[in-house]
Amino acid sequence: MSINLIPNLFKNSRISIGKQQFYNATRNSLNSRKNASVAVILRVDPKYNDIFDQCSFSCICNSKRNDHKEKCINSFIQSIITHKDNYIPLELLYLKRYSKNGNNGEVCFPGGKIELNETDQEAAERETLEEVSIDLKQSNNFTLIGQLDNKFTYDQIGVHSFIYLQLCKETPKIILSPNELVDYGWVNLDFILNSNNNNNNNNNNNNNNNNNNNNNNNNNNSGSKSNGNNDINKIQYTTVSEITISKRLKSSYILRKMCDHLYVPYLILPIVSNYQFRLWGLTLDITSDLLKRLTGSSPIPNARAVNNPLLLYITRNPYKSLFIFSTTFLSVLVTTFLYFK
């Protein structure tokens, strides 16, 4: 996954200057509590940082904000490729959230809830600064590339994803927010793009608990995450009830039972840490969307491809499903009563 694919993001997800504020006006109601924003941050693999000594970023669009024009970024990318080669790998930043249950914290991107009187983009940049001390507004260090499709969590929180590219040689020092995050890591996008999709769901499901136990033992013994050969570069599957921390799903007995039969893909990231970075759910969906915008395809399967569509719909829309079932049942009941009357 090379930096020369960045122009594809401009073509597939670029936000025109001023358009962000037009479509996502400042949130001035309590509805902002049901929305969140995240920052998807890309950088050149540090092994290739010497290229910045020959072609450091210089703005030619005179932008004072972090939304440099396409020609400005393309000129920078072209200079990198000219001085090096066509393959300059990209890395993506992932965070590990704190959890009272130890290793069960979610893998995520920097981000959080949108506050009143701020745009979706402003929320992503503010949360990134608060969580990892990276100031995305520094136009000489980062640029906004575009926005991915909005996603929804199992708790029905809308999530807006913004893509940023690091323009400077050295990544600003990352300082994790205490009591929120426990670790972070950069992952080469080629690792995810080349992940092996194992479609043998039954074998994955049967071996899942054993693999997880082995990983936990490795973490405790070595002090750093050590993945078994079966976990490296392989998309695996597990039940939603085993992996989710959704309050809505865990608060309902019926939904919990349904989630016992609902499977989701996940991928163990190769981040050296005391904690296991298990990429799944919303963060995996956002990663998959990013790969599709960059290359046109993604090896990550959609949850609809491995589950019963009706069961998947009910777990994601329980109240709407209950309404449809109730009205349908009532209609049948009334029709039957009128028929026999």
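Before any of the text, the structure's been laid out above.
Residues numbered from 1 in each chain as written. Predicted model: local features only at pLDDT ≥ 70, side-chain atom pairs only at ≥ 80, totals over all residues. Heavy atoms only, no water.

S.K.: Help me understand the nonpolar core in this model?
M.R.: The nonpolar side chains of soluble globular proteins are, as a tendency, buried together. If you look at the biggest cluster of nonpolar residues, it comprises 49 residues, and the most contacted ones within it are Ile6, Leu42, Ile73, Tyr94, Ile192, Leu269 and Leu290. Those elements that provide at least two residues to this core are α1 (6-13), β1 (35-44), α3 (70-83), β2 (90-97), β7 (158-166), α5 (189-193) and α10 (281-295). Here the element with the most residues in this core is α3; it accounts for six residues. Within the second largest apolar cluster, 16 residues are counted, among which are Ala39, Phe142, Phe162 and Trp186. (Core = buried A, V, L, I, M, F, W, Y, C linked by side-chain atoms within 4.5 Å. Buried < 20%, exposed > 50% of the residue type's maximum accessible area, 1.4 Å probe, protein only. Helix = DSSP H or I, 4+ residues; strand = E, 2+ residues; numbered from the N terminus.)

S.K.: Help me out: how do you make sense of a nonpolar patch on the surface in this one?
M.R.: Taken together, the side chains of Leu322, Phe325, Phe329, Leu330, Leu333, Val334, Phe337 and Leu338 present a nonpolar region at the surface, about 870 Å² in accessible area. Mapped onto the elements of the fold, Val334 is located in helix α12 (residues 318-340). (Patch = residues over 30% accessible without salt bridge, like charges linked within 9 Å, V, L, I, M, F, W, Y side chains within 5 Å. Areas by Shrake-Rupley, 256 points an atom, 1.4 Å probe, with all protein chains shown as cover. Salt bridge = Lys/Arg side-chain N within 4 Å of Asp/Glu carboxyl O.)

S.K.: Would you mind going over the pairing of strand β11 (residues 263-268) with me for this structure?
M.R.: Consecutive side chains along a regular strand alternate between the two faces of the sheet. For β11, the buried fraction is high: five of the six residues fall into the buried class. Here four bridges tie strand β10 (residues 234-239) to β11, and the two strands are oriented antiparallel to one another. Its bridge partner lying in β11, Thr239 is registered against Tyr263. Note: β11 against strand β12 (residues 278-280), three bridges, orientation antiparallel. Looking at the pairing, Ile268 lines up with Arg278 of β12. (Pairing = 2+ DSSP bridges.)

S.K.: In this structure, what is going on with the pattern of salt bridges? I would like to understand it.
M.R.: Any two side chains of opposite charge can pair, on the condition that their charged atoms come close. Tallied over the full model, the rule gives ten salt bridges. With a closest N to O distance of 3.5 Å, Glu115 and Arg126 form a salt bridge. Here the residue Glu115 occupies a position in the loop between β4 (111-113) and α4 (120-132), and Arg126 occupies one in helix α4, the gap between them amounting to eleven residues. Three or more residues joined by partner-sharing salt bridges are found here, namely Glu115, Glu118, Arg126, Glu127 and Glu130.

S.K.: Looking at this structure, how should I read the pairing of β2?
M.R.: When you tally the buried positions in β2, you get seven out of eight residues, the bulk of the element. Pairing of β1 with β2, which is carried by three bridges, proceeds in the antiparallel orientation. From the neighbouring strand, Val44 faces β2, where its bridge partner is Leu90. With seven bridges joining them, β2 and strand β8 (residues 181-188) adopt antiparallel strand pairing. When the bridges of β8 are listed, Lys96 appears paired with Asp183. By the bridge criterion, two bridges tie β2 to strand β3 (residues 107-108) in an arrangement that is antiparallel. Counted as the bridge partner of Lys96 is Val107 from β3.

S.K.: Could you clarify how one ought to interpret the side chain of Glu118 in this entry?
M.R.: As for its position among the elements, Glu118 is in the loop between β4 and α4. A polar contact is formed between the side chain of Glu118 and the side chain of Arg126, at a distance of 2.8 Å. (Polar contact = N/O pair within 3.5 Å; in protein donor to acceptor, adjacent residues only side chain to side chain.)

S.K.: Please clarify how the packing of aromatic side chains should be interpreted in this entry.
M.R.: Aromatic rings considered in pairs are described by the distance between their centres and by the relative angle of their planes. What the rule picks out here adds up to three aromatic pairs. Here the aromatic rings of Phe52 and Phe76 are separated by 6.1 Å at their centres, their planes lie at 35°, and the arrangement is tilted. Remark: Phe76 occurs in helix α3 and Phe52 occurs in the loop between β1 and α3; sequence separation between them is 24 residues. For the pair Phe57 and Phe76, a centre-to-centre distance of 5.4 Å together with 85° between the ring planes defines the contact as edge-to-face. Here Phe76 lies in helix α3 and Phe57 lies in the loop between β1 and α3, a separation of 19 residues in the sequence. (Phe/Tyr/Trp six-rings, centres within 6.5 Å; stacked < 30°, edge-to-face > 60°.)

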